[in-house]
Amino acid sequence: MSSKPVYITTPIYYVNDRPHIGHVYTNLVADVLARFYRLRGDEVFYLTGTDEHAAKVVDSAAEHGVSAQEWADRNAAAFRETFERLQLTHDDFIRTSEARHKDAVTRYVSQLIASGDVYLGEYEGWYDAGQEEYVPETKAKELDFKSPINGKPLVRKAEKNYFFRLSRYQDELLELLESEEGPFKVLPGARRNEVVARIKDGLLDVPMSRTGAEDWGVKVPGDEEHTVYVWIDALFNYLSAVDTDDRRRYWPAAVHLLAKDILWFHAVIWPALLLALSRRPGNEWIGLPETIYVHSFWIRDGQKMSKSLGNFIDLEVLDGYLETFGWDGLRWFLATNGPLSTTDSDFTEANLVEIYNADLANTVGNCFSRVAHMTERYFDGQVPARDAKVEADQEYDGAAAHAVSSYLRRMERFDLAGAGASALELVRAVDGYIDKTRPFQLAKDPEARPQLATILYNCAEALRIAGLMLWPFLPQKAEQLWRGLGCGHLADQLANNGRGDLASWRQWGELPAGSPVSKGEGLFPRVDKKKYLARAEAASTSAAASKEANSKEAKAKQKGSGAAPKKKAKKEPGWAEQIDIQQFFETRLAVATVKAAEAVPKSSKLLKLRVEVGEEERTILAGIAKAYSPEDLVGRQVVVVANLAPAKLMGIESQGMVLAATADGNPVLLRPDTEVPSGTRVS
């Protein structure tokens, strides 16, 4: 149990559109962690909310014929309702349009101006409207002067701005980030290395205000022509939410959870702002967050999610999954298979069914059903007292303690997949214990009843403890399991964001003999994979046909109104040309494993890959630098053209070609569905 409260935050989300799987995922991870700390007995403060003062919010509002405030209210409500419907247990939902936040931002900016950390200057540079961010010249060149967010050209702007002296904190930030034992960490380590390398290139002062923003946003104190830049405004939410007499004890945050696209703001600009504020009298309580944890993205069926590709997981698609798998089933898949590393995670419906059936239906649900059924049948539905020594106990003793110890280590490292595996390890140990002791055979021998009682007590007690580890992931089903084992008091104590006592609850023997056991309704009904995927494909085809019909109808209306119809897209040259089977087999496609990857100097597009193809290693240049960072590729399997003649690019010989599809103008690497030996022929 921690001696201080645990403060967990998510990013706050733009209100120019409704929530989608990316927002739900980050908040789910925060919820799993919050529940874990509450279970451990800690006081938790979990914050989420909405970022509302963006210029794009004003634009979206105008397109819909409402004010910015009305548009923000509408979409903020959608986020709040979604998170509440999914029973995410945040303690506060902050909106940047609230007076409490705006007043705090005004106070912070006033202090920074007074200290000289913020000053008025002139700026000329490239502006990315998609991210609402100024981009340095070198970065703009790397991006080919296009926004990585929406693909639109960067805009050259020159204007007076208030600047934050980020350069003043370069050395201090480097020292903090390079100290492995320091109070401020960026995880995973590859993300920290990415930030450190960029800081070493030199930090420039950053603009922190804009002009011409009407009345939407927080005005710079003393200069009403300037509005505080949206990213600076938004970052302050983590502090403004707890800057009251009764909440300051929550600071510093134990962990800021966020996605990799906003790493720079959180790992460099935010700590620099906090360092600057902490120097002001009365701000001694303001320190740095303990951890910034950065996750990657969800992709779908090997492709980047995009509305134009029709593979976007919005609220309607999520509702379809909830109908089949339930919220706990979907929670488990997202939490244990999500992109908490530096690699994006592939969301496939086939994988969703397989994970649900293997982990939940076949393991957790089936094991509980076996234990409850035998207890109902042999002991009238009451947990029996341990009555005799059983030979297999020697191997079984300590299984629960080992699993819990492993679980705690992994949760404290934010390794949700590993923690989930520790919980399943104990459930599988119960199944193995049943298979070895064969209680259904002992039940036939009246003299073996004492041994039978001990076996079933051990099984029920191990499941109770497994339920503790599963509860942060599967709150509803874990509580159902506890009630089925006659220990519903655990669920009652944790209700309404209450705090548990894991140190005591994890102790063996806490389940009282005589507790009522009831199999009840199945925890996780098995899903027929073949039937489910067939239904999903039919629904997808129907949705695509409906979309096409709506598109044709819209075009017909457009034509009838006299509007100029859009030109048909030209087919790619050679798309319809056919080759014979022999021509196809002359191209040797093979699976390769990436052993090393690095950027190619003076190239914004190329990465140099060292790949293993069977027993051979090769160098291949791939034009994927805009979509993939080198550290994301190491260990990944790709498909290559293995018999392509070598060619020199940028002075480097490339010995093959990596295959990728193109989606929204970005490369998407092809890879096998499951890992196979490198060199495996693709045919």
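How each quantity is defined
- Residues numbered from 1 in each chain as written.
- Predicted model: local features only at pLDDT ≥ 70, side-chain atom pairs only at ≥ 80, totals over all residues.
- Heavy atoms only, no water.
- Helix = DSSP H or I, 4+ residues; strand = E, 2+ residues; numbered from the N terminus.
- Rg over C-alpha atoms; globule rule 2.2 N^0.38 Å.
- Buried < 20%, exposed > 50% of the residue type's maximum accessible area, 1.4 Å probe, protein only.
- Contact = heavy atoms within 4.5 Å.
- Areas by Shrake-Rupley, 256 points an atom, 1.4 Å probe, with all protein chains shown as cover.
- Lys, Arg positive; Asp, Glu negative; His and termini not counted.
- Charge placed at Lys NZ, Arg CZ, Asp CG, Glu CD.
- Pairing = 2+ DSSP bridges.
- Right-handed = clockwise from strand over helix to strand, strands pointing away.
- Expected span 1.5 Å × (residues − 1).
- Arc of directions from axis to C-beta.
- Salt bridge = Lys/Arg side-chain N within 4 Å of Asp/Glu carboxyl O.
- Axes fitted to C-alpha atoms, helices over the stretch in contact; angles between N-to-C directions.
- Left-handed = near helix turned anticlockwise from the far one by under 90°.
- Phe/Tyr/Trp six-rings, centres within 6.5 Å; stacked < 30°, edge-to-face > 60°.
- Lys NZ or Arg CZ within 6 Å of the ring centre and 35° of its normal.
- pLDDT = per-residue confidence, 0-100.
- Core = buried A, V, L, I, M, F, W, Y, C linked by side-chain atoms within 4.5 Å.

A. The arrangement of the overall build of the protein in detail. Each helix and strand in the protein was counted, giving 23 helices and 26 strands. Here the C-alpha atoms of the protein give a radius of gyration of 28 Å, agreeing with the 26 Å that 2.2 N^0.38 yields for 683 residues. Residue burial in the protein is summarised as follows: out of 683 residues, 51% are buried. Long-range contacts, defined as pairs at least 24 residues apart, comprise 75% of the intrachain contacts of the protein with a sequence gap of at least 6. Of the roughly 31800 Å² of accessible surface on the protein, 49% is carried by carbon and sulfur atoms. Charge separation in the protein, taken as the distance between the mean sites of 84 positive and 97 negative side-chain charges, equals 4 Å.

B. Broad picture of the pairing of strand β2 (residues 44–51). Here β2 lies mainly inside the structure; eight of its eight residues are buried. Of the strand pairs in this sheet, strand β1 (residues 6–14) and β2 are connected by seven bridges, and their pairing is parallel. When the sheet's bridge partners are listed, Tyr7 is paired in β2 with Phe45. Regarding the hand of the β-α-β motif, the stretch spanning β1, helix α1 (residues 21–40) and β2 is right-handed. In this sheet, strand β3 (residues 92–95) lies alongside β2 in parallel orientation, the contact comprising four bridges.

C. Highlighting the side chain of Lys260. Mapped onto the secondary structure, Lys260 falls in the loop between β12 (255–259) and α10 (263–278). Not counting the four nearest positions on each side in its chain, Lys260 is found in contact with Arg191, Val294, His295, Ser296, Phe297, Asp344 and Asp632.

D. Expanded view of helix α7 (residues 189–200). Over its twelve residues, α7 extends 17 Å from the first C-alpha to the last, a length consistent with the 16 Å expected when each residue adds 1.5 Å. Among the residues of α7, Arg191, Val195, Val196 and Ile199 are the ones counted as buried. Each buried residue of α7 lies within a common arc of 135° when the element is viewed along its axis, so the set occupies one face. At its buried positions, α7 is contacted by α6 (170–178), β7 (185–187), α10, β13 (291–295) and α23 (630–633). One or two positions beyond α7, positive phi appears at Gly202, with a value near 110°.

E. A look at the pattern of salt bridges. Following the criterion strictly, the structure yields 31 salt bridges and no others. Between Arg40 and Glu412 there is a salt bridge, with the nearest N and O atoms lying 3.2 Å from each other. Of this pair, Arg40 sits in helix α1 while Glu412 sits in helix α14 (residues 399–412), and the two are 372 residues apart along the sequence. Two residues, Arg191 and Glu631, come together in a salt bridge whose shortest N-O distance is 3.9 Å. Within this pair, whereas Arg191 is found in helix α7, its partner Glu631 is found in helix α23, the two being separated by 440 residues in sequence.

F. Spatial organisation of the environment of Asn357. Relative to the assigned elements, Asn357 resides in helix α12 (residues 349–378). The buried category is assigned to Asn357, whose relative accessible area is 5%. A C-alpha to C-alpha distance of 42 Å links Asn357 and Leu177, two positions 180 residues apart in sequence.

G. Up close: the packing of α12 against helix α17 (residues 449–470). For the pair α12 and α17, interaxial distance at closest approach is 10 Å and the crossing angle is 145°. In the crossing of α12 with α17, the sense of the turn from one axis to the other is left-handed. In this structure, α12 contributes Val364, Cys367, Phe368, Val371, Met374, Thr375 and Tyr378 to the contact, and α17 contributes Arg449, Leu452, Leu456, Cys459, Ala460, Leu463 and Leu470.

H. Summary view of the sheet that holds β3. Taken in spatial order, the six strands of this open sheet run β3-β2-β1-β12-β13-β7, and their pairing is parallel. The open sheet has two edge strands, β3 and β7, and neither has a second partner. Between one strand axis and the next, the sheet turns by 20° as a mean value, whatever way the strands run. Across three bridges, the pairing between β7 and β13 is parallel. Among the inter-strand pairings, Lys185 is bridged to a residue of β13, identified as Thr291.

I. Main features of the packing of aromatic side chains. Under the definition given, this model contains 26 aromatic pairs. Pairing Phe36 with Tyr37 gives two aromatic rings, centres 5.1 Å apart and planes at 55°, and the pair type is tilted. You'll find Phe36 and Tyr37 in the same group, each marked buried. Members of the aromatic cluster, each reached through a chain of ring pairs, are Tyr7, Phe45, Tyr108, Phe236, Tyr238, Tyr250, Trp251 and Trp270. Positioned above the aromatic ring of Trp471 is the side chain of Arg35, whose terminal nitrogen or guanidinium carbon lies 5.3 Å from the ring centre. A cation over an aromatic ring shows up here: Arg198 above the ring of Trp264, its NZ or CZ 3.8 Å from the ring centre.

J. View of the sheet that holds strand β8 (residues 206–207). The antiparallel open sheet is built from four strands, whose spatial order is β5-β4-β6-β8. The sheet terminates laterally at β5 (133–135) and β8, the two strands that pair on one side only. Here strand β6 (residues 155–164) runs beside β8; their pairing, made up of two bridges, is antiparallel. Among the inter-strand pairings, Phe164 is bridged to a residue of β8, identified as Val206.

K. View of the confidence of the model for the protein. Confidence along the protein averages 89 in pLDDT terms, with 91% of residues attaining 70 or more. Below a pLDDT of 50 lies the segment residues 561–576, which in the model reaches four contacts outside its immediate sequence neighbourhood of four places, other chains included.

L. How the structure looks around unusual backbone geometry. Cis geometry marks the peptide bond from Leu187 to Pro188, where omega comes out at -5°. Relative to the helices and strands, Pro188 is located in the loop between β7 and α7. Of note, the bond from Trp251 into Pro252 is cis; its omega dihedral lies within 30 degrees of zero at 5°. Within the secondary structure layout, Pro252 lies in the loop between α9 (237–240) and β12. With a phi angle near 50°, Asp301 is a residue other than glycine that sits in the positive phi range. Unusually for a residue other than glycine, Asp380 sits at a positive phi of about 55°.

M. Broad picture of the nonpolar core. Counting residues in hydrophobic clusters, the biggest one holds 110 residues, and the most contacted among them are Ile8, Phe347 and Phe473. Looking at this core, the element that brings in the most residues is α17, giving 14 residues. Setting aside its immediate chain neighbours within four residues, Phe347 contacts Ile21, Trp298, Ile299, Arg300, Asp301, Met305, Ile313, Tyr321, Phe333, Leu334 and Leu352. Within the second largest apolar cluster, 74 residues are counted, among which are Val228, Leu235, Ala267 and Trp285.

N. A look at α6. Taken as a whole, α6 has its buried residues at Gln170, Leu173, Leu174, Leu176 and Leu177. Across the axial projection of α6, the buried residues extend over an arc of 165°, all falling on one side. Opposite the buried face of α6, by more than 90 degrees, sit the exposed residues Asp171 and Glu175. In this structure, the buried residues of α6 make contact with β7, α7 and α10.

O. Region of interest: the environment of Leu474. Here Leu474 is to be found in the loop between α17 and α18 (475–484). The sequence separation of Leu474 and Pro11 amounts to 463 residues, and the corresponding C-alpha distance is 23 Å. Filtering out sequence-adjacent residues up to four positions away, Leu474 remains in contact with Asp328, Trp332, Leu360 and Phe524.

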